[in-house]
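Structure at a glance
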2 protein chains.
Amino acid sequence: MPMTLKDEIKQTKPFARPADEALLSILRTAAVLEHAENEVLKAHGLTHTQYNVLRILRGAGKRGLCGRDIADRMVSHVPDVSRLLDRMEDSGLIARTRDPDDRRHVTARITAAGRTVLADATPDLERTGRARTARLSPADVAGLIRSLAAIRELP
Amino acid sequence: MPMTLKDEIKQTKPFARPADEALLSILRTAAVLEHAENEVLKAHGLTHTQYNVLRILRGAGKRGLCGRDIADRMVSHVPDVSRLLDRMEDSGLIARTRDPDDRRHVTARITAAGRTVLADATPDLERTGRARTARLSPADVAGLIRSLAAIRELP
DNA sequence: TGACATTACATGTTGTAACATGTAGCTCAC
DNA sequence: GTGAGCTACATGTTACAACATGTAATGTCA
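Note that the structure is a prediction, hence the values are computed from the model and not measured. (Residues numbered from 1 in each chain as written. Chains lettered and ligands numbered in written order. Predicted model: local features only at pLDDT ≥ 70, side-chain atom pairs only at ≥ 80, totals over all residues.)

Below, the discussion takes up the overall build of chain A. The secondary structure content of chain A amounts to seven helices and three strands. Its helices and strands in sequence order give chain A the pattern α-α-α-β-α-α-β-β-α-α, from N to C terminus. Oriented by its inertia axes, the alpha-carbon framework of chain A measures out at about 60 × 35 × 30 Å. Going through the 155 residues of chain A one by one, you find that 31% of them count as buried. Sequence-distant contacts in chain A: of pairs separated by 6 or more residues, those separated by 24 or more amount to 43%. (Helix = DSSP H or I, 4+ residues; strand = E, 2+ residues; numbered from the N terminus. Buried ≥ 20, exposed ≤ 12 C-beta atoms within 10 Å, placed from the backbone. Contact = placed C-beta atoms within 7 Å.)

Shown next as structure tokens:
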């Protein structure tokens, strides 16, 4: 029998509005997902945030991206890209070069080591993702995507 | 025209699997929601986590709850309840007393000041929540709740 | 009863998030 | 070309998250 959110968080009273339960479900599900993904990524020495940066930089290819562009592409807002990239450069996952045309820009690029780590971690992550969504029908998935987009959009 | 997740995070390639987009949507939506809620709560001197604790303790009433019980009821896992409650006790939102029957337990209770802050913050929060879910049909909401529960449950 | 495990919490440590502020480099008006 | 304003990044600071470890109180069982 599927466990309801009410049981999961041992809530005694029912939800006043169904929409409240939906919003809380989103927060709870994201917490569960992020924790599960971090568990997987820990084995590869990555955090969820760093994994995201690596994917973004792999997508950008040889040209790389500056810090501002990376921040715009992140799934969740990161207020301190500088030091995040500092740490990733220290671990050898990325390299940074100051742009000679506009010396304000610092272009970050994924390194060969970063590509390797990313290639190692991705299948593990995809396996858990597929397992979690296996029981959803295509219509369920489409509904999820559509409803969540509506919630993100301000009225 | 509704903005797609792909546009929001400036992703260049389409998603390989629709389910991948759904999972990313959950994480992104939760980040947006949490940020919005924290914005609202900041005006009341609360974090999202503290607000949750206050609601839990109000639900528990006069009998209060020990730290372990609070942790079990949190929406997202909190690994350091002790110091979270420390901070809330410092701000006068809660009070703690050591249980004389089992001196390992520390029972936390919401204070009058905590109730006031909670009562002030809740309408603000509910307003934004209602605004975000206004465009969802009851069927959408039910689908969301059901699909998210399926994702949280391990196969 | 006493050794040992268990429970509930406290504390140490490290890393990171969040926000504010500072600084270097560029742009454009005048 | 010089000063105002903007952009992109760096840094300071505080608070918090996450994990490991420590400690006191209780339960358990030979």
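From this point, the narrative continues.
It is worth spelling out the interface of chain B and chain A at this point. Each partner contributes to the interface: chain B provides 55 residues, whereas chain A provides 55 residues. Residue assignment for the side of chain B that touches chain A shows that the elements contributing at least two residues are helix 2 (18-42), helix 4 (67-73), helix 6 (112-133) and helix 7 (138-152) of chain B. Top contributing element to the side of chain B that touches chain A by residue count: helix 2 of chain B, with 18 residues. Residue composition of the side of chain B that touches chain A, grouped by class: 29 nonpolar, 12 polar and 14 charged. (Nonpolar A, V, L, I, M, F, W, Y, C, P; charged D, E, K, R; others polar.)

Let us look at the protein's contact with DNA strand D. Looking at DNA strand D, there are 20 residues lining it, with Cys66, Gly67, Arg68 and Ser82 of chain A together with Arg103 of chain B nearest. Of all the secondary structure elements, the ones that give two or more residues to the surface near DNA strand D are helix 4 (67-73) and helix 5 (81-90) of chain A together with helix 5 (81-90) of chain B. Of the residues that constitute the surface near DNA strand D, the class distribution is five nonpolar, six polar and nine charged. (Near = placed C-beta within 6 Å.)

Now for the environment of valine 75 of chain B. Within the secondary structure, valine 75 of chain B is located in the loop between helix 4 and helix 5. For the pair formed by valine 75 of chain B and threonine 49 of chain B, sequence separation is 26 residues and the distance between their alpha carbons is 8.8 Å.

This part covers the protein's contact with DNA strand C. Around DNA strand C, 20 residues are found, and the nearest of them are Arg103 of chain A together with Cys66, Gly67, Arg68 and Ser82 of chain B. Of all elements in the fold, only helix 5 of chain A together with helix 4 and helix 5 of chain B reach the threshold of two or more residues within the surface near DNA strand C. When grouped by side-chain class, the residues that make up the surface near DNA strand C number five nonpolar, six polar and nine charged.

With that settled, the discussion passes to the relation of the copies chain B and chain A. Relative to chain A, chain B is turned by 180° and slid 0.0 Å along the rotation axis, the superposed coordinates differing by an RMSD of 0.0 Å. What the rotation and shift describe, once combined, is the action of a two-fold rotation axis. An overlap of 100% is found between the interface residues of chain B and their copies at the interface of chain A, pointing to a shared contact surface. (Least-squares fit on C-alpha atoms with pLDDT ≥ 70 in both.)

On to the sheet that holds strand 2 (residues 94-98) of chain A, then. Residue and element names in this part refer to chain A. The three strands are arranged 1-3-2 in an open sheet whose pairing can be described as antiparallel. Two strands in the sheet have a free side with no partner beyond their single neighbour: strand 1 (65-66) and strand 2. In this fold helix 5 packs onto strand 2 and strand 3 (106-110), with an angle of close to 120° to the strand it touches most, strand 2. (Pairing = 2+ DSSP bridges. Axes fitted to C-alpha atoms, helices over the stretch in contact; angles between N-to-C directions.)

With that settled, consider helix 6 of chain B. Under the 1.5 Å per step criterion, the end-to-end length of helix 6 of chain B is 31 Å for 22 residues, consistent within 8% with the ideal 32 Å. The principal kink in helix 6 of chain B, of about 25°, is found at alanine 121 of chain B, preceding the proline proline 123 of chain B by one to four residues. (Expected span 1.5 Å × (residues − 1). Bend = angle between axes of the 7 residues up to and from the residue.)

As a general point, the strands of a sheet are linked pairwise by backbone hydrogen bonds and lie either parallel or antiparallel. Residue and element names in this part refer to chain B. Strand order in this open sheet of three strands is 1-3-2, and the pairing throughout is antiparallel. Bordering the open sheet on either side are strand 1 (65-66) and strand 2 (94-98), each of which pairs with just one other strand. Relative to strand 3 (residues 106-110), strand 2 runs antiparallel, the two being bridged by five bridges. Its bridge partner lying in strand 3, threonine 97 is registered against threonine 107. Lying over the sheet, helix 5 contacts strand 2 and strand 3, oriented at roughly 120° with respect to strand 2.

Note that all results are geometric; they support no functional claim without further evidence.
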